[in-house]
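# A closer look at the structure
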Amino acid sequence: MVAGESSGDLLASRLLSGLRPRLPEAEFYGIGGARMAQYGFNSLWPMEKLSVRGLFEVLAHYREIKGIQNSLRDRLLADRPAAFIGVDAPDFNFGLEAQLRPAGIPTMHFISPSIWAWRGGRIKKIAKAVSHMLVVFPFEEDIYRQAGIPVTYVGYPLAEVIPMAPDVAAARQSLGLSAEAKILTVMPGSRMSELKYNSVAFVQAAQLLLQREPDLHVIIAMAGSRQRAYFESLLNEAGLKDVRIQIIDGNSHTAIAAADAVLVASGTATLEVALFKKPMVIGYKMMRASWAVLRHMGYQPWVGLPNILAREFLVPELLQDAATPQRLAHAVWTQLTDENLRRTLQQRFTEMHQSLLRDTARASAEAVLKLIGRT
């Protein structure tokens, strides 16, 4: 198995939670994180090696990432595992799967790339690389069936993990915050490249909000200590080290549950925020050259998963040049203070949560067992 970032680690751990009891003696190895390790997964490289986003950002790390891919390919071709499962990380995993499947190793991919949003031509490459696709949104099944690719809808794993009615009081208590506090959680991203481009604007927006509402409490959610160290260095360079914020490591769900609103980088975290029924503003910045290319490759007007699923702008999206501290702060203030909007979002996100519920661990494990002939 290969997972390339913290969200993939969480998704893969759900699959492993269903698979481990059915295959107690199996060896699970490849690239993964701490959550996968809880089920006896052995990561041969640090997962963070693959956590790079953006066209030109990836190019800077291409040689190292390609070396890892080639080394893992050679290991798998020698080992002949019962199956290879790529969890997200499409560029890395599809390249690997395309080399393993012709050699007779069954390949499964967990979570479809957003071919319904951009780069739809990839489905032809997917058909050659993937023996079976696991999808997490109901509408994706038809896309793969029409392309002749075996597919199973397994539900969105976090819809099971995140409670329908999150315990806000318990989350605040665990963070040492009062039940009455007005709380903003800021999530600039888990990848180093995301932190590089989002952190300063996001914290400057928080600074403006603190000036407007001195009693506001700002939580910054970091994926881990490495990300935190880099984040703090970026704030120091920007002269923002004295902004009144609370940084927490590796406890993003508690930070979201405690919040009144969330400022979040585009990605899977946006859907996590929606499942916690929180008002949000989606922001994102990247290397200018990458943006110049990617902005013209989308098929629809939304980038945030909650908006894509709703087929409308439920929450604001401020991207690249639009993601100024002033505009981010203004949008967040509305999410914090407009009570009618907050009630509407809670209802819409509850409906979204219900639509994504399924026994993901069981459904994905059964698909794997069928693929390797163990049902």
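These lines cover the structure that appears in this document, whether it is placed above or below. Remember, predicted model here, so these are calculated numbers, not experimental data. (Residues numbered from 1 in each chain as written. Predicted model: local features only at pLDDT ≥ 70, side-chain atom pairs only at ≥ 80, totals over all residues. Heavy atoms only, no water.)

### So, the packing of aromatic side chains
Evaluation of the coordinates by the stated rule reveals 3 aromatic pairs. Aromatic ring contacts, followed pair by pair, group F137, F139 and Y156 into a single cluster. (Phe/Tyr/Trp six-rings, centres within 6.5 Å; stacked < 30°, edge-to-face > 60°.)

### Description of unusual backbone geometry
In this model, R80 sits at a positive phi of 55°, which is unusual for a non-glycine residue. Within the secondary structure, R80 is located in the loop between α4 (62-79) and β4 (84-87). Overall, the relative accessible area of 42% leaves R80 in the partly exposed class. A positive phi angle, near 55°, is found at D88, a position not held by glycine. Looking at the element boundaries, D88 is found in the loop between β4 and α5 (90-100). Classification of D88 by relative accessible area gives buried; the value is 15%. (Helix = DSSP H or I, 4+ residues; strand = E, 2+ residues; numbered from the N terminus. Buried < 20%, exposed > 50% of the residue type's maximum accessible area, 1.4 Å probe, protein only.)

### Description of the pattern of salt bridges
Pairing between side chains becomes possible if they bear opposite charge and their charged atoms approach one another. Enumeration over the complete set of coordinates arrives at 14 salt bridges. One salt bridge in this structure joins D249 and R228, with 3.7 Å as the shortest N-O distance. Placement of the pair is D249 in strand β10 (residues 246-249) and R228 in helix α11 (residues 225-237), with a sequence separation of 21 residues. In this structure D249 comes out as partly exposed when scored by relative accessible area, which is 34%. Of the charged contacts, one joins E366 and R362 as a salt bridge, the two residues approaching to 3.2 Å between their closest N and O atoms. In this pair, E366 and R362 both sit in helix α18 (residues 360-371), 4 residues apart, roughly one turn of the helix. Shared partners join several salt bridges into a network, and the residues in it are R172, D260, E339 and R342. (Salt bridge = Lys/Arg side-chain N within 4 Å of Asp/Glu carboxyl O.)

### Things to note about the pairing of strand β8 (residues 183-187)
The side chains of a regular strand alternate, residue by residue, between the two faces of the sheet. By the criterion of burial, β8 is predominantly enclosed, with 5 of the 5 residues buried. Alignment of β8 against strand β9 (residues 217-222), held across 4 bridges, turns out to be parallel. Bridge pairing links T185 to I219 in β9. Traced from β8 through helix α10 (residues 192-212) to β9, the parallel crossover comes out right-handed. Where β8 and strand β11 (residues 261-265) come together, 4 bridges link them in parallel fashion. Its bridge partner lying in β11, T185 is registered against V262. (Pairing = 2+ DSSP bridges. Right-handed = clockwise from strand over helix to strand, strands pointing away.)

### Thoughts on the sheet that holds β8
With parallel pairing, the 6 strands of this open sheet are ordered in space as β10-β9-β8-β11-β12-β13. Lying at the two open borders of the sheet, with one neighbouring strand each, are β10 and β13 (317-319). Within the sheet, the average angular offset between the axes of one strand and its neighbour, ignoring direction, is 20°. As defined by bridge partners, strand β12 (residues 280-284) adjoins β13 across 3 bridges and the pair is classed as parallel. (Axes fitted to C-alpha atoms, helices over the stretch in contact; angles between N-to-C directions.)

### A closer look at the packing of helix α1 (residues 6-19) against α18
Between α1 and α18, whose axes approach to 8 Å, the crossing angle comes to 70°. Put simply, α1 runs roughly perpendicular to α18. On α18, the residues touching R14, L15, S17, G18 and L19 of α1 are A361, S364, A365, V368 and L369. Of the residues in the contact of α1 with α18, the class split is 6 nonpolar, 3 polar and 1 charged. (Parallel < 35°, antiparallel > 145°, perpendicular 65-115°, else oblique. Contact = heavy atoms within 4.5 Å. Nonpolar A, V, L, I, M, F, W, Y, C, P; charged D, E, K, R; others polar.)

### Section: the environment of L305
Along the chain, L305 turns up in helix α15 (residues 305-310). In this structure L305 comes out as buried when scored by relative accessible area, which is 12%. Linking L305 and I105, residues 200 residues apart in sequence, is a C-alpha distance of 32 Å.

### Focus on the nonpolar core
Formed by 76 residues in total, the largest nonpolar core has its most connected members in M1, F92, F110, Y156 and M280. With 6 residues, the single largest contributor to this core is α1. Excluding residues that lie within four positions of it along the chain, F92 makes contacts with V2, I31, L50, I65, I68, Q69 and L72. Among the nonpolar cores identified, the runner-up in size contains 34 residues, and L263, Y284, L328 and A329 belong to it. (Core = buried A, V, L, I, M, F, W, Y, C linked by side-chain atoms within 4.5 Å.)

### Some remarks on helix α13 (residues 268-275)
The buried fraction of α13 amounts to 7 of the 8 residues, a majority that puts the element mostly inside the structure. Of the positions making up α13, those classed as buried are A269, T270, L271, E272, V273, A274 and L275.

### What about the environment of V2?
Position of V2 among the secondary structure elements: in strand β1 (residues 2-3). Judged by its relative accessible area of 0%, V2 falls in the buried class. The spacing of V2 and I31 is 29 residues in sequence and 4.6 Å in space, taken between C-alpha atoms. With residues near it in sequence (within four places) discarded, V2 still touches I31, L50, L72, F84, I85, G86, V87, F92, N93 and L96.

### Points about the packing of α4 against α5
Between α4 and α5, whose axes approach to 10 Å, the crossing angle comes to 35°. Of the two possible hands of crossing, α4 and α5 adopt the one that is right-handed. Contacts between α4 and α5 involve I65, I68, Q69, L72, R73, L76 and L77 on the former and, on the latter, D91, F92, G95, L96, Q99 and L100. Residues of the contact of α4 with α5, tallied by class, amount to 8 nonpolar, 3 polar and 2 charged. (Left-handed = near helix turned anticlockwise from the far one by under 90°.)

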